[in-house]
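Listed below are the residues making up each chain.
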Amino acid sequence: GAVVSQHPSRVICKSGTSVKIECRSLDFQATTMFWYRQFPKKSLMLMATSNEGSKATYEQGVEKDKFLINHASLTLSTLTVTSAHPEDSSFYICSPRITSETQYFGPGTRLLVL
Amino acid sequence: KNEVEQSPQNLTAQEGEFITINCSYSVGISALHWLQQHPGGGIVSLFMLSSGKKKHGRLIATINIQEKHSSLHITASHPRDSAVYICAAYNTDKLIFGTGTRLQVFP
């Protein structure tokens, strides 16, 4: 199956710092990348959709200036949580899409903001 | 009411039991995914269905488009099947996720 990597797998940071999460598709190219967050025992919540080379589309209620998404190439997308606060602590998952209905999921990044 | 509902929310079983997890949706869909999420968090796509039935090893997934219902079956369940199972429906180019079914299989 398709391989998706996320780095780091877990990160602890101080409040006010910025954290960058990288998502790579290792054996395929993805024109579309979805970024989700998941709170404990809750379902995945779509944060934003990005297409390679263009600006991301954010879901309602997601601050675009706080969650910066860059999709510079077909194999790499990054999510930067700027000025992180404890309420940003969550599990972040990237999900590249190959075809209109075929999506893969990264292993996730667990962020803890102290 | 969620657009994608799963039942049961929690399920425990003895090793070897046959397991069924149900998913109902209220929106039009082009396809439905069954996903598995292990305690570490990683998500694996088990099936993508748009009609009928698919089988992979001990896992079987069915979908009834008219009734807007899908089921995931696990035959001869094993402790390593313990995970959260999530159905997700494709609607207007995005996945809508169910709340998941937490399965624990005991030896």
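Further up the page is the structure itself.
Residues numbered from 1 in each chain as written. Chains lettered and ligands numbered in written order. Predicted model: local features only at pLDDT ≥ 70, side-chain atom pairs only at ≥ 80, totals over all residues. Heavy atoms only, no water.

**Topic: the overall build of chain B**
Along its length, chain B carries 0 helices and 11 strands. Reading the helices (α) and strands (β) of chain B from amino to carboxyl end gives β-β-β-β-β-β-β-β-β-β-β. Scaling as 2.2 N^0.38, a compact globule of 107 residues should have a C-alpha radius of gyration of about 13 Å, and chain B matches this with 13 Å. Along the first, second and third principal axes, the C-alpha atoms of chain B reach 40 × 25 × 20 Å. By residue count, 45% of the 107 residues in chain B fall in the buried class. Contacts spanning at least 24 positions in sequence make up 53% of the contacts within chain B whose residues lie at least 6 apart. Taking the average location of the 9 positive side-chain charges in chain B and that of its 7 negative ones, the two points are 5 Å from each other. (Helix = DSSP H or I, 4+ residues; strand = E, 2+ residues; numbered from the N terminus. Rg over C-alpha atoms; globule rule 2.2 N^0.38 Å. Buried < 20%, exposed > 50% of the residue type's maximum accessible area, 1.4 Å probe, protein only. Contact = heavy atoms within 4.5 Å. Lys, Arg positive; Asp, Glu negative; His and termini not counted. Charge placed at Lys NZ, Arg CZ, Asp CG, Glu CD.)

**With respect to the pairing of strand S8 (residues 76–81) of chain A**
All names here are of chain A. Among the 6 residues in S8, 5 count as buried, and that is most of the element. As defined by bridge partners, strand S3 (residues 19–25) adjoins S8 across 6 bridges and the pair is classed as antiparallel. Looking across to S8, one finds that Cys23 is bridged to Ser77. Across 5 bridges, the pairing between strand S7 (residues 67–73) and S8 is antiparallel. Residue pairing for S8: Ser73 is matched across the bridge by Leu76. Hairpin geometry of S7 and S8 is characterised by an intervening segment of 2 residues between the two adjacent antiparallel strands. (Pairing = 2+ DSSP bridges.)

**A closer look at a nonpolar patch on the surface**
A cluster of nonpolar side chains, contributed by Ile12, Leu112 and Leu114 of chain A, occupies part of the molecular surface with about 320 Å² of accessible area. Here Leu114 of chain A shows up in the segment after strand S10 (109–113). (Patch = residues over 30% accessible without salt bridge, like charges linked within 9 Å, V, L, I, M, F, W, Y side chains within 5 Å. Areas by Shrake-Rupley, 256 points an atom, 1.4 Å probe, with all protein chains shown as cover. Salt bridge = Lys/Arg side-chain N within 4 Å of Asp/Glu carboxyl O.)

**Some points on the pattern of salt bridges**
Applying the stated criterion across every chain yields a total of 5 salt bridges over all chains. Arg24 of chain A serves as the salt-bridge partner of Glu22 of chain A, at 3.4 Å between the closest nitrogen and oxygen. By relative accessible area, Arg24 of chain A is classed as partly exposed at 35%. We note a salt bridge from Asp81 of chain B to Arg58 of chain B, for which the minimum N-O separation is 2.8 Å. Taken together, the residues span a long stretch of sequence, with Asp81 of chain B in the loop between strand S8 (69–74) and strand S9 (83–91) and Arg58 of chain B in the loop between strand S6 (52–56) and strand S7 (59–64) at a distance of 23 residues.

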